Amino acid sequence: MKAAHTLSTGFSPSVSAAAPNTTTQPPSIWRGVLLSACIAIVATFLGKWLPTIGGPVFAVLLGVVATNVFRVSSRFNPGIRFTAKNLLQWSIIGLGFGLSLKQVVQTGLDSLWVTLITITVAFASAVWLGKRLGIGGKLRTMIGAGTAICGGSAIAAIAPIIEPEDHDLVFAISTIFLFNIVAVLVFPFMGHLLGMTDLGFGLWAGTAINDTSSVVAAAYSYSQQAGDYATIVKLTRASLIIPLCIGLSLLQARQDKKAGKRISLTRMVPWFIIGFVLASGIRSMNVLPAEVLAILQQAVMFTVVMALSAVGLSTNFRQLARTGWRPIALGMGVWIAVSVSSLAVQYGMGSW
């Protein structure tokens, strides 16, 4: 890893590669898949017990603890890699069943300008501050996308496109979820201190808090009306994950062309993004019973937690600790910039 251009972390997977297999039998993926599932079950229960933190955060943390304290064998590596990548892509498709495009378009237009401004601020501040902190472009992009769009879901969506190192993925997710927790605790207090209306606070929470679960937790703790409005704003914001992924795919294809690489159509429009759009369209047409959609959403959230468990399992905590303060400083700077810009736009529009 080039220290001059990327964040020097000293990261490497916690489990060394297994010795060459002298047999012809391919390594089984089921050990790693089952281990990820077991961790995801525990993380899900802990997330319900402490919803402020949530299952995804527990999944990453438990995965990190498991692989560093109990020294997970290299036999689990194929399944861990499969769960962290392949299962994650299918989970992204499943997320589309929880997002009605028609509802987002109809109810989110009033908040669109604030959303677009905060997204611009998020990426601009991520690039500017990230360069000054010496953080690599892929990590800057993931933290910017996670802050701008929808937290861990946005990071999960763009990761297969920009193909970051595993440690950068963990840094981005950990940073984003850290400020999700901070936002849940700080935003309601600040809203009352500033004397914000229910709709004003809902717009602020919906545009400035990273993850959907944290938006809901913070906004409904403020008031029912704030929670309802923040949820709609958040859905509008989350829908912009589609043009973001397509734009990043086009940029990646352009870089591949300059480097003399063959341009792949699946790279320009990844298959899981097409699946995400189709799933959203099915949800919008109301062809699936509400009971089926509820089961799908629960199943998808569990697979997301499984994938994040696998991400944690691939992380060396000792080397992760050597990263220092830079990713957190970047996440905090971008988060503050987005929060302040959202308040400034509202104040300028007279909607505070």
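Residues numbered from 1 in each chain as written. Predicted model: local features only at pLDDT ≥ 70, side-chain atom pairs only at ≥ 80, totals over all residues. Heavy atoms only, no water.

Colleague: I keep staring at the overall build of the chain and nothing clicks. Help me out?
Modeller: What the chain contains, in helices and strands, is 16 helices and zero strands. A burial count over the chain gives 50% of its 352 residues as buried. Put simply, 82% of the contacts in the chain that link residues at least 6 apart link residues at least 24 apart. Counting only carbon and sulfur atoms, one obtains 67% of the accessible surface of the chain, whose full area is about 17000 Å². (Helix = DSSP H or I, 4+ residues; strand = E, 2+ residues; numbered from the N terminus. Buried < 20%, exposed > 50% of the residue type's maximum accessible area, 1.4 Å probe, protein only. Contact = heavy atoms within 4.5 Å. Areas by Shrake-Rupley, 256 points an atom, 1.4 Å probe, with all protein chains shown as cover.)

Colleague: Which parts of the structure should I look at to understand the UniProt feature "transmembrane region" (unreviewed entry) in the chain?
Modeller: When the UniProt feature table is mapped onto this chain, "transmembrane region" (unreviewed entry) is found at residues 34-66, 111-130, 142-163, 169-189, 235-253, 265-282, 294-316 and 328-349. Annotation note: span residues 111-130, helix share 95%, strand share 0%, distance between end C-alpha atoms 28 Å. (UniProt positions renumbered as here; feature names shortened; annotations may be inferred.)

Colleague: What is the right way to read the confidence of the model for the chain from this model?
Modeller: Should pLDDT be low for a region, the predicted coordinates there are not to be read in detail. Across the chain, the average pLDDT comes to 79, with 81% of residues at or above 70. Scored below 50 in pLDDT, residues 1-23 makes 47 contacts in the model with residues more than four places away or belonging to other chains. (pLDDT = per-residue confidence, 0-100.)

Colleague: I keep staring at the packing of aromatic side chains and nothing clicks. Help me out?
Modeller: Here a ring pair, both rings aromatic, is described through the centre-centre distance and the interplanar angle of the planes. Under the defined criterion, the tally for this structure stands at five aromatic pairs. With a centroid separation of 6.0 Å and an interplanar angle of 80°, the aromatic rings of phenylalanine 201 and tryptophan 204 are classed as edge-to-face. Within this pair, phenylalanine 201 and its partner tryptophan 204 are both found in helix H8 (residues 198-208), separated by three residues, close to a single helical turn. Among the residues examined, phenylalanine 201 registers a relative accessible area of 0% and is labelled buried. Tryptophan 204 gets classed as buried once you look at its relative accessible area, which sits at 4%. (Phe/Tyr/Trp six-rings, centres within 6.5 Å; stacked < 30°, edge-to-face > 60°.)

Colleague: Help me out: how do you make sense of helix H5 (residues 112-133) in this one?
Modeller: For an α-helix, 3.6 residues make a turn, and residues three or four places apart therefore share a direction. Taking 1.5 Å of rise per residue, the 22 residues of H5 would be expected to cover 32 Å, and the 31 Å separating its terminal C-alpha atoms lies within 8% of that figure. Within H5, the full set of buried residues consists of Val114, Thr115, Thr118, Ile119, Ala122, Ser125, Ala126, Gly130 and Leu133. Mapping the buried residues of H5 onto a view down its axis gives an arc of 145°, with all of them on the same face. More than 90 degrees from the buried face of H5, the exposed residues found are Trp113, Thr120, Trp128, Lys131 and Arg132. On the buried face of H5, the contacting elements are helix H6 (137-162), H8, helix H10 (224-239) and helix H16 (326-349). Glycine 134 lies just past H5 and shows a positive phi near 75°. (Expected span 1.5 Å × (residues − 1). Arc of directions from axis to C-beta.)

Colleague: What's the story with the nonpolar core in this structure? I'm lost.
Modeller: Buried together is how nonpolar side chains tend to be arranged in soluble globular proteins. Core analysis: the biggest nonpolar cluster contains 80 residues, and Met142, Ile149, Ile158, Phe187, Phe201 and Ile241 have the highest contact counts within it. Ranked by residue count, the leading element in this core is H6, at 14 residues. When near neighbours in sequence (up to four residues on either side) are disregarded, isoleucine 149 contacts Ile119, Ala154, Asn210, Lys234, Arg237, Ala238, Leu240, Ile241 and Leu244. (Core = buried A, V, L, I, M, F, W, Y, C linked by side-chain atoms within 4.5 Å.)

Colleague: When you look at the environment of serine 280 in this model, what are you seeing that I'm missing?
Modeller: Tracing the chain through its elements places serine 280 in helix H13 (residues 271-284). Here the alpha-carbon distance between serine 280 and isoleucine 93, two residues 187 residues apart in the chain, equals 8.7 Å.

Colleague: Looking at this structure, how should I read the packing of H8 against H10?
Modeller: Relative placement of two packed helices is described by the angle separating their axes and the distance separating the axes. The interhelical angle for the contact between H8 and H10, taken along N-to-C directions, is 35°, at an axis separation of 7 Å. Here the hand of the crossing between H8 and H10 comes out right-handed. Within the contact between the two elements, H8 uses Asp198, Leu199, Phe201, Gly202, Leu203, Ala205, Gly206, Thr207 and Ala208 and H10 uses Gln225, Ala226, Tyr229, Ala230, Val233, Lys234 and Arg237. (Axes fitted to C-alpha atoms, helices over the stretch in contact; angles between N-to-C directions. Left-handed = near helix turned anticlockwise from the far one by under 90°.)

Colleague: Teacher, can you tell me more about the state of the cysteines here?
Modeller: Formally, a disulfide is one covalent bond, and it connects the sulfur atom of one cysteine to the sulfur atom of another. Within the structure shown, the criterion is met by zero disulfides. Considering cysteine sulfurs only, cysteine 245 is the nearest to cysteine 150, which forms no disulfide, with 8.7 Å between them. You can call cysteine 150 buried: its relative accessible area is 5%. (Disulfide = S-S within 2.5 Å.)

Colleague: Explain the environment of cysteine 150 here, please?
Modeller: Following the sequence through the fold, cysteine 150 ends up in helix H6. Once the C-alpha coordinates of cysteine 150 and isoleucine 241 are considered, the two residues, 91 residues apart in sequence, prove to be 7.9 Å apart. Apart from residues lying up to four places away in sequence, cysteine 150 is in contact with Ala145, Asn210, Asp211, Lys234, Ala238 and Ile241.

Colleague: When you look at the environment of proline 56 in this model, what are you seeing that I'm missing?
Modeller: Along the chain, proline 56 falls in helix H2 (residues 55-69). Non-local contacts of proline 56, meaning those with residues more than four positions away in its chain, are made with Phe177, Val305 and Leu308.

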